[in-house]
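The residues making up each chain are set out below.
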Amino acid sequence: MSRKKKNAAQQRQTSRELIDIQKITEYGLLTSHGELVFFSIEPTNLSVHSPESIGSRIYALMTVLKGMAEIEMLALNSKESFEDNKRHYRQLQEQEQLPVIRRLLERDMMGLDRLQVQMATAREFFVIVRLKNEKDSDIQSYLSRLQKNLEDQGFKTRLSSPEERKRMLGVYLEQNATTEKYEDYDGERWVIFND
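Residues numbered from 1 in each chain as written. Predicted model: local features only at pLDDT ≥ 70, side-chain atom pairs only at ≥ 80, totals over all residues. Heavy atoms only, no water.

The name an unreviewed UniProt entry gives the protein is Conjugal transfer protein, with Eisenbergiella tayi as the organism.

Structure (structure tokens):
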């Protein structure tokens, strides 16, 4: 297939086809490479811990990772990034002739930097497990064992809900951390049923 035809075919794909998500399931996200199950990990504020305590947390994470080869990890900012805004301010500042306006733009960028630093601690962590050939009857016990193993190492964890997974995809794919409820389909909130 030529590059031009391949690009045209890609442009006709839906978002789900492009990122290879077939559906949001009870446990995770179904892809062509298996089902991805997400465990939400409650973060620990390491800034209040001693170096020995931090070392033990790192060792516990290493133990989990060594013990389960099928684990993947994901860390997300759960707040928006202001890089596009700052880039826009820089462009305006370069074009601006008046020194007063340039200083105001500089202060706006500094304000965004301060806000970004305040929100930088808002991180979310997920442990991802890829289910490949597990039978439906074995999945629940398998996931329970994985969760218990994580909890035995001192991590507060729980299986993520479908709403959490939609929000995670919104943050990960489009840096959208402000939406309160994610729709399954574009425009779903405007559909009137039984009318």
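In this structure, what is going on with the pattern of salt bridges? I would like to understand it.
Opposite charge on two side chains permits them to pair, given that their charged atoms come into close proximity. Using the criterion set out here, one finds four salt bridges in the structure. Here Arg130 and Glu72 are joined by a salt bridge, their closest N and O atoms 3.2 Å apart. Note that Arg130 is positioned in strand β5 (residues 123–131) and Glu72 in strand β4 (residues 71–77), a separation of 58 residues in sequence. Arg158 is the salt-bridge partner of Glu164, the closest N and O atoms lying 2.7 Å from each other. By relative accessible area, which is 14% here, Glu164 ends up buried. Judged by its relative accessible area of 42%, Arg158 falls in the partly exposed class. (Salt bridge = Lys/Arg side-chain N within 4 Å of Asp/Glu carboxyl O. Helix = DSSP H or I, 4+ residues; strand = E, 2+ residues; numbered from the N terminus. Buried < 20%, exposed > 50% of the residue type's maximum accessible area, 1.4 Å probe, protein only.)

It is not clear to me how the nonpolar core should be interpreted in this structure. Could you clarify?
Soluble globular proteins: nonpolar side chains tend toward being buried together. In terms of nonpolar packing, the biggest core is built from 17 residues, with Phe39, Val129, Leu131, Leu143 and Leu146 touching the most fellow members. Listed by contribution, the elements that provide at least two residues to this core are β3 (34–41), α3 (51–67), β5 and α6 (136–152). Per element, the largest residue contribution to this core is five residues, and it comes from α6. In this structure Leu146 touches Phe39, Met68, Glu70 and Val129, once residues within four positions along its chain are discounted. In terms of nonpolar packing, the next biggest core, distinct from the first, is built from eleven residues, Ile21, Leu36, Leu76 and Ile128 among them. (Core = buried A, V, L, I, M, F, W, Y, C linked by side-chain atoms within 4.5 Å. Contact = heavy atoms within 4.5 Å.)

Where do I start with a nonpolar patch on the surface in this structure?
Where nonpolar side chains cluster on the molecular surface, the patch consists of Leu98, Val100, Ile101 and Leu104 and spans about 340 Å² of accessible area. Tracing the sequence through the fold places Leu98 in the loop between α4 (83–95) and α5 (99–119). (Patch = residues over 30% accessible without salt bridge, like charges linked within 9 Å, V, L, I, M, F, W, Y side chains within 5 Å. Areas by Shrake-Rupley, 256 points an atom, 1.4 Å probe, with all protein chains shown as cover.)

Honestly, the packing of aromatic side chains in this entry has me stumped. Any pointers?
One pair of aromatic rings is described through two measures. These are the centre distance and the angle between the planes. Enumeration over the complete set of coordinates arrives at one aromatic pair. Sitting over the ring of Phe155, Arg57 keeps its end group 4.7 Å from the ring centre. (Phe/Tyr/Trp six-rings, centres within 6.5 Å; stacked < 30°, edge-to-face > 60°. Lys NZ or Arg CZ within 6 Å of the ring centre and 35° of its normal.)

Explanation requested: the side chain of Thr31 in the structure shown.
Tracing the sequence through the fold places Thr31 in strand β2 (residues 28–31). We classify Thr31 as buried; its relative accessible area is 10%. Within the structure, Thr31 has its side chain in polar contact with the backbone nitrogen of His33 (distance 3.2 Å). Beyond its immediate chain neighbours, meaning those up to four positions away, Thr31 contacts Asp20, Ile21, Gln22, Leu36 and Arg130. (Polar contact = N/O pair within 3.5 Å; in protein donor to acceptor, adjacent residues only side chain to side chain.)

What exactly am I supposed to notice about α6 here?
Since the α-helix advances by 3.6 residues per turn, residues separated by three or four positions end up pointing in the same direction. With 17 residues, α6 should reach 24 Å at 1.5 Å per residue; the first-to-last C-alpha distance of 25 Å fits that figure. Among the residues of α6, those classed as buried are Ile139, Tyr142, Leu143, Leu146 and Leu150. The buried residues of α6 all sit within an arc of 100° when viewed along its axis, so they share a single face. Opposite the packed face of α6, turned more than 90 degrees from it, sit the exposed residues Ser137, Arg145 and Asp152. Of the residues flanking the end of α6, it is Gly154, one or two places downstream, whose phi is positive at about 95°. (Expected span 1.5 Å × (residues − 1). Arc of directions from axis to C-beta.)

Is there a simple way to think about the side chain of Ser160 in this case?
Inspection of the secondary structure assignment puts Ser160 in the loop between β6 (157–159) and α7 (162–174). With a relative accessible area of 3%, Ser160 lands in the buried category. Here Ser160 is in contact with Phe38, Phe39, Ser40, Phe126 and Arg165, once residues within four sequence places are set aside.

So what exactly am I meant to see when it comes to the pairing of β2 here?
Side-chain direction in a regular strand flips from residue to residue, so the side chains alternate between the two faces of the sheet. Across two bridges, strand β1 (residues 23–24) lies against β2 in antiparallel orientation. Counterpart to Lys23 in the pairing with β2 is Leu30. Taking the residues between adjacent antiparallel strands as the criterion, β1 and β2 are bridged by three residues. Taken together, the four bridges between β2 and β3 define a ladder with antiparallel strand orientation. Residue pairing across strands places Leu30 opposite Glu35, the latter belonging to β3. Following β2, the chain reverses through two residues before pairing antiparallel with β3. (Pairing = 2+ DSSP bridges.)

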